[in-house]
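Residues per chain are reported as follows:
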Amino acid sequence: RVLDEMQGEGVSLEDLDTIREEGLSQHWQKSLRFLRLIGHYVDALDTGLDPEARQRLAVAQLGALWKHCPPQHPILLAGSTGSRGTTAELMGLIASLPQGAVILPGVDLEMPDEVWARLDTPRTGEDHPQYRFVGLMHRLGVSRNDLQYWTDPAPANHSRNRFVSLAMRPAPVTDQWLTEGPKLEGLGAATGSMTLIEAPDSRTEALAIALRLRQAVEDGQTAALITPDRVLTRQVAAALDRWRIVPDDSAGRPLALSAPGRFLRHVAELFDEPMTPEALITLLKHPLCHSEHPDRGDHLRRTRDLELHMRHEAPFFLSGDTLREWASGKLDETGLVWVEWICDHILVHEDTARSTVAAHLARHLKISQVIAAGPSIEGSGGLWLKEAGEKALAVMHDLERSAEPGGIVSAREYEGLLQGILTGEEVREPAQSHPSVMIWGTLEARVQGADLVILGGLNDGVWPGQPDPDPWFSRQMRLDAGLLLPERQIGLSAHDFEQAISAREVVLTRATRNSDAETVPSRWLNRITNLLDGLGTEGTKLLKEMRARGQNLVQQAMTLETPVVG
């Protein structure tokens, strides 16, 4: 990843020689020497271009072509902040064309000049939502005064934009809250259409969001839930299902959670653990198990009878003899064939031997297709059908082509590999989604709008997420080399938050506790509440009203979950 990033930012391994080792700890000195050492081997490898190097080379060649032969037709680039080096290069090329235009999303042209000047320092400005535009304008050789509105500005709530802009000021100038805060006008208009939900747990948060989305449907509003928390979006979608509302989810869902993904995971578990009653019943009840056989109804009835027997007997582990003893005298000839099919293909695969990834994969695919088809049936049943099945088959074929370098692994290691691959893939399955209820990621939300916007999962570590630990470079080393600082991702998330909160009506949600411990509010939510709390009686009153509207939704959610007796 670090080599990819270096290519994307135009930093060569030779550029690392400019980093001075004086003052670095022993760990960073060793890391720097290692990166310099591998440069000779990386250059000698004939592996072709990787994606980052190819993209940068493509932009360079496009620039050389356009320099001699600039296109005379309009070319527009819209919606990017130019946070990556290659993207910024392309934006510079397009901006220099005769009919080229770069359309920037969410630029705060009302922020004072002295605040813009403070954003020049990466260490203090990198996590600010407007920081990327400062670097981009320097690269393009323009100033903020050169920027023009793409259309006549008509913000949904100008007062809120000014309020949020003040709340998001860089840390070194937050003392401006004391001087500029009391001068804010239209504070009631800024917060009157804002709701703050502070739910006791994530389940209640999801249900409160679902209730507000349902209300939006009844009121004829378009509504969008925006969050990077995919667990929360699945909880909200499940809560909406009780009213038969299917949201239009832009991200789909992980392949590992689709029917074929779950089935493949269940079958992979056969190879590394003793068979338990729970695991067997889970697999037999799966809709893709025995899916092609004409007597699937009999299969489900026998599975039910077996489950009832095992609940009574409660064996710790299952064996073929245990199953045959249960079937003797209880099942007819067809039922005995069904039991032998389970014994031959489901109960006999526990194996601690290590083998190649390709061998594990071949056995996995063979057994999966046999279990999906049913006794004495050729083929793979419904395993590879529809969008999710076709996606799963394509992923497994990709794994087949890439299996050779995987080496020797255990069955448990193969299961972990499969889990990681399936989780990393998304599948979109056709559904009759509601036309006015959407679930968006933060990227899709940049270029779309709705009457009601719900910003969910506003806890630190979720939105914004924590930067990944970097074992190769310290912050100062990254700065000296010209690489991106870890706070870059926080700044991008801050920009997405600042854009989304500018909607006509906004609901901010968080859970005060997750399954492990109390949560910490998102730093941006903290800024908003702290600024309101410090604006005297009016600010405190408006914050209480925001919380009261949210508490009303939380109370409705908790009432909905309360069992009715009698």
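Enquirer: Would you explain a nonpolar patch on the surface in this entry?
Expert: Together, F34, L37 and Y41 make up a nonpolar patch on the protein surface, roughly 340 Å² of accessible area in all. Counting through the fold element by element, L37 comes out in helix α2 (residues 26–44).

Enquirer: Whenever I open this one, unusual backbone geometry confuses me. Can you help?
Expert: Negative phi characterises most residues that are not glycine, and trans characterises most peptide bonds. The omega torsion of the bond from W463 to P464 falls at 5°, within 30 degrees of zero and hence cis. Residues other than glycine seldom take positive phi values, yet R244 does so here, at roughly 60°.

Enquirer: Could you clarify how one ought to interpret the sheet that holds strand β3 (residues 194–199) in this entry?
Expert: Strand pairing in a sheet relies on backbone hydrogen bonds. The paired strands run either parallel or antiparallel. Across the sheet, 6 strands lie side by side as β3-β12-β11-β4-β10-β5; this open sheet has parallel pairing. Of all the strands in the sheet, the pair left with one neighbour each is β3 and β5 (248–249). Here strand β4 (residues 223–226) pairs with strand β10 (residues 437–440) via 4 bridges, running parallel. Across the sheet, the residue bridging to A224 is M438, located in β10.

Enquirer: Sorry if this is basic, but what is going on with the packing of aromatic side chains here?
Expert: Any two aromatic rings considered together are summarised by their centre-to-centre distance and by the angle between their planes. Counted by the stated rule, this structure contains 3 aromatic pairs. Each ring, one from F34 and one from W472, has its centre 5.7 Å from the other, and the planes form 15°; the classification is stacked. You can see F34 sitting in helix α2 and its partner W472 sitting in the loop between β11 (452–455) and α22 (475–481), a full 438 residues away along the chain. Ring centres of W463 and F497 lie 6.2 Å apart, and the angle between their planes is 90°; this geometry places the pair in the edge-to-face category. Remark: F497 occurs in helix α23 (residues 488–500) and W463 occurs in the loop between β11 and α22; sequence separation between them is 34 residues. Of the two residues, W463 and F497, neither departs from the other in class, the shared state being buried. Feature note: the residues W463, F497 and W524 constitute an aromatic cluster, connected by ring pairs. When the ring centre of W243 is taken as origin, the NZ or CZ atom of R242, which lies over that ring, is 5.8 Å away.

Enquirer: What is the right way to look at the packing of helix α18 (residues 357–373) against helix α20 (residues 411–423) in this model?
Expert: To describe two helices that pack against each other, one gives the angle between their axes and the distance between the axes. Contact geometry for α18 and α20: axes closest at 10 Å, N-to-C directions at 75°. Considered as vectors, α18 and α20 are oriented roughly perpendicular to each other. Along its contact with α18, which presents V357, H360, L361 and H364, the element α20 presents A411, Y414, L417 and L418. Its residues assigned to classes, the contact of α18 with α20 shows 6 nonpolar, 2 polar and no charged.

About the cut-offs
- Residues numbered from 1 in each chain as written.
- Predicted model: local features only at pLDDT ≥ 70, side-chain atom pairs only at ≥ 80, totals over all residues.
- Heavy atoms only, no water.
- Patch = residues over 30% accessible without salt bridge, like charges linked within 9 Å, V, L, I, M, F, W, Y side chains within 5 Å.
- Areas by Shrake-Rupley, 256 points an atom, 1.4 Å probe, with all protein chains shown as cover.
- Salt bridge = Lys/Arg side-chain N within 4 Å of Asp/Glu carboxyl O.
- Helix = DSSP H or I, 4+ residues; strand = E, 2+ residues; numbered from the N terminus.
- Pairing = 2+ DSSP bridges.
- Phe/Tyr/Trp six-rings, centres within 6.5 Å; stacked < 30°, edge-to-face > 60°.
- Buried < 20%, exposed > 50% of the residue type's maximum accessible area, 1.4 Å probe, protein only.
- Lys NZ or Arg CZ within 6 Å of the ring centre and 35° of its normal.
- Axes fitted to C-alpha atoms, helices over the stretch in contact; angles between N-to-C directions.
- Parallel < 35°, antiparallel > 145°, perpendicular 65-115°, else oblique.
- Contact = heavy atoms within 4.5 Å.
- Nonpolar A, V, L, I, M, F, W, Y, C, P; charged D, E, K, R; others polar.

Spatial relationships are all this shows, so hold off on functional conclusions.
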